[in-house]
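Geometric and topological summary
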Amino acid sequence: MPTSSTPTTLVLADAPTHHLDRRLQGQFAEHLGHCIDGGIWVGPDSSIANKNGIRSDVVAALREIKVPLVRWPGGCFADEYHWLKGVGPERQPMVNTHWGMVSEPNDFGTHEYFDLLHQLDAEAYVNGNVGSGSVQEMSDWIEYMTLESTSPMAELRRAHGREQPWKLEFFGVGNESWGCGGTMRPEHYADLYRQYQTFVRQYSDTPISKIACGANVDDYRWTEVLMANAARQMDGLSLHHYTIPNEGIWEKKASALDFDADGWRATMVQAWRMDELITRHGQIMDRHDPGKRVNLVVDEWGTWYQVEPGTNPGFLFQQNTVRDAVVAAIHFVIFHKHAARVRMANIAQMVNVLQAMLLTDGPRMVKTPTFHTFSLFSDHQDAEFVPVGGQFPDDVDVTASVKDGAHTISFVNAGLDEAAPLVIELPVEAGELLRAQVLTGATMQSHNTFDHSDEVAPVDLESGRDGFSVEGRRVSITLPPHSVATVRVQVRG
Ligand code: AHR
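Just so it is clear, the model here is predicted, and its values are computed rather than measured.

The next subject is the domain arrangement of the protein. The assigned domain composition of the protein is domain 1 (8–13 + 386–491) and domain 2 (22–381). A separation of 30 Å is found between the C-alpha centroids of domain 1 and domain 2. On the domain 2 side, the residues contacting the 34 residues of domain 1 number 37 residues. Both sides together, the interface formed by domain 1 and domain 2 hides about 2,800 Å², and carbon and sulfur atoms give 66% of it. Along the contact surface separating domain 1 from domain 2 lie three salt bridges. The interface formed by domain 1 and domain 2 holds 14 residue pairs in polar contact (both at pLDDT 80 or more) in total. Those elements that place two or more of their residues in the side of domain 1 that touches domain 2 are strand E19 (396–403), strand E20 (406–413), strand E22 (430–439) and strand E26 (483–491). Here the side of domain 1 that touches domain 2 gets five residues from one element, more than from any other, and that element is E19.

Glancing now at the environment of tryptophan 83. Residue position: tryptophan 83 is located in the loop between strand E6 (69–72) and strand E7 (94–96). Judged by relative accessible area, which is 1%, tryptophan 83 ranks as buried. Between the C-alpha atoms of tryptophan 83 and methionine 444, which are 361 residues apart in sequence, the distance is 43 Å. Here tryptophan 83 is in contact with Glu137, Asp140, Trp141, Tyr144 and Met153, once residues within four sequence places are set aside.

Looking now at the packing of helix H3 (residues 135–146) against helix H4 (residues 152–159). Each pair of packed helices can be described by the angle between their axes along with the distance between the axes. At a minimum axis distance of 8 Å, the contact between H3 and H4 shows a crossing angle of 55 degrees. Relative to H4, the element H3 is oriented oblique. Note on packing geometry: the crossing formed by H3 with H4 is right-handed. Contacts from Asp140, Glu143, Tyr144 and Met145 in H3 reach Pro152, Met153, Ala154, Leu156 and Arg157 in H4.

Here helix H7 (residues 261–288) crosses helix H8 (residues 322–337) at 15 degrees, and the two axes come no closer than 9 Å. Taken as axis vectors, H7 and H8 run roughly parallel relative to one another. Relative to H8, H7 is oriented so that their crossing is right-handed. Residues Gly263, Trp264, Thr267, Met268, Ala271, Trp272, Met274, Asp275 and Ile278 of H7 pack against Val322, Arg323, Val326, Val327, Ile330, His331, Ile334, Phe335 and Lys337 of H8. Here the residues of the contact of H7 with H8 sort into twelve nonpolar, three polar and three charged.

Another point: the sheet that holds strand E24 (residues 469–471). The sheet built from five strands is open, its strands ordered E18-E1-E21-E25-E24 with mixed pairing. With partners counted over all chains shown, the strands left at the sheet margins are strand E18 (388–389) and E24, one partner each. With three bridges joining them, E24 and strand E25 (residues 474–479) adopt antiparallel strand pairing. Directly across from serine 469, in E25, lies its bridge partner serine 476.

It is worth spelling out the pattern of salt bridges at this point. For the structure on display, the rule yields 27 salt bridges. For arginine 22, the salt bridge is made with aspartate 382, and the minimal N-O distance between the two is 2.8 Å. Here arginine 22 is found in the loop between strand E2 (18–20) and strand E3 (26–28), whereas its partner aspartate 382 is found in the loop between helix H9 (369–376) and strand E17 (383–386), with 360 residues between them in sequence. Judged by its relative accessible area of 26%, arginine 22 falls in the partly exposed class. The class of aspartate 382 is partly exposed, set by a relative accessible area of 27%. Close ionic contact of aspartate 299 with arginine 71 constitutes a salt bridge, the shortest N to O distance being 3.6 Å. Of this pair, aspartate 299 sits in strand E13 (residues 295–303) while arginine 71 is found in strand E6, placing the two residues 228 residues apart along the sequence.

Moving on, we get to the packing of aromatic side chains. In the structure shown here, the tally under the stated rule is 23 aromatic pairs. An angle of 0 degrees between the planes, with centres 6.2 Å apart, marks the rings of tryptophan 83 and tryptophan 141 as stacked. Of this pair, tryptophan 83 sits in the loop between E6 and E7 while tryptophan 141 sits in helix H3; the two residues are 58 residues apart in sequence, bridging distant segments of the chain. Tryptophan 141 sits in the buried class, given a relative accessible area of 3%. Centre to centre, the rings of tyrosine 242 and tryptophan 304 are 4.7 Å apart; their planes meet at 80 degrees, and the pair counts as edge-to-face. Taken together, the residues span a long stretch of sequence, with tyrosine 242 in strand E12 (residues 236–243) and tryptophan 304 in the loop between E13 and H8 at a distance of 62 residues. Each member of the pair, tyrosine 242 together with tryptophan 304, is buried. When the ring centre of phenylalanine 28 is taken as origin, the NZ or CZ atom of arginine 71, which lies over that ring, is 4.6 Å away. The ring of phenylalanine 259 is capped by arginine 323, whose NZ or CZ atom sits 3.6 Å from the centre of that ring.

Rules of the game
Residues numbered from 1 in each chain as written. Predicted model: local features only at pLDDT ≥ 70, side-chain atom pairs only at ≥ 80, totals over all residues. Heavy atoms only, no water. Domains from an automatic or database assignment. Contact = heavy atoms within 4.5 Å. Buried area = accessible area lost by both parts, 1.4 Å probe. Salt bridge = Lys/Arg side-chain N within 4 Å of Asp/Glu carboxyl O. Polar contact = N/O pair within 3.5 Å; in protein donor to acceptor, adjacent residues only side chain to side chain. Helix = DSSP H or I, 4+ residues; strand = E, 2+ residues; numbered from the N terminus. Buried < 20%, exposed > 50% of the residue type's maximum accessible area, 1.4 Å probe, protein only. Axes fitted to C-alpha atoms, helices over the stretch in contact; angles between N-to-C directions. Parallel < 35°, antiparallel > 145°, perpendicular 65-115°, else oblique. Left-handed = near helix turned anticlockwise from the far one by under 90°. Nonpolar A, V, L, I, M, F, W, Y, C, P; charged D, E, K, R; others polar. Pairing = 2+ DSSP bridges. Phe/Tyr/Trp six-rings, centres within 6.5 Å; stacked < 30°, edge-to-face > 60°. Lys NZ or Arg CZ within 6 Å of the ring centre and 35° of its normal.

Now the structure itself:
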């Protein structure tokens, strides 16, 4: 592989600047296609190994990447979800009008969601229904989930077998209210937000962070109106931006597997756009909230391609290649940079939908390249961000953090042709090497299948081989084309 001969030297600052919230690696699971149905939920009577109906292989894999929280039940589905149909012994089916017009049996409801969180050791982010639900319905749901003492909803929860309330850390008031959640103008939604959130009562000791529906991509006016009219009533404002190759044009969505170098570059341009979007939405938020109290929550992001041939167009099932691994790494680099304002991000979606961590087919499961990027970045969870200075080579970016007496440095090379030799100068001598792994593939289209599940998997780097070494204060690494890497070293002294 061609390598530019002179390594680029980059320097790690000696002091961290801001916190990297673990929730930047949040997940999103919607009642859509086989995300929940078959991907997470198989039911207690399934021959697929499960605990209380939740797939054991999926839970075990997700625990490896330390999933910090799961947003549920949508997405667009959230604004047609009536939670009472999904609790108790008699579940009431509904039609999933957004996603394939299929029947949704509501077997997986509030109790099953909190059981999933318990199995994952993750926090809750429940998205409420503003588009087709009432204030009363939302308020009852909060009471059902979080009120301990005697009340009609707490008694109903007990009658359904759950004595104690659950912890509800985050609650979204509507989803994409500018589109599938009600086609609203920002002025109208801002008023509705103020009204609905009033009845998201704080019954327990666990504070509920209230998240308002934010902008679609570059709709800066939406952010302006929401911040001007409802900033005081919110803890977070969302942002949705999907990486759609071909200038982000919806109608020109491309194949997940069949793409060339132009398709690769077009994808990277859309992934990098997240930086501009956060910067500009953040500037508006800064004017209204200079103390950065309100979190910019990127609660839907990821690649959106054509569905795999022969699959239901409404199920959004797509394959996942090295390209997706690189897109995920680019997003983390951007989120880290902006983490003083962005303290939560949720990739769409956790299993079998869009840029998924895991794909399942009946009893089989495979980890995607995106899963491995999440693993490579997992040591940044709840670490302190350390700026990296220097002139970065084209297509290369680096992010670093410190936690538990160790520096974690993650790299992405989004270039297709050249390996990138780098030297990272640490502020202090490196101690023990705790982790050094690189993720790439034979080609940019490399991906994992149920029959070949390790085509794209992290490989350990050995000091003294393949351009990698840790000596004194210097970490040297040669990033292959289309790769993601992480090095974690103890800080000496
Ligand atoms: O993630 C798929 C869909 O994308 C979500 O339901 C919706 O919020 C967005 O448009």
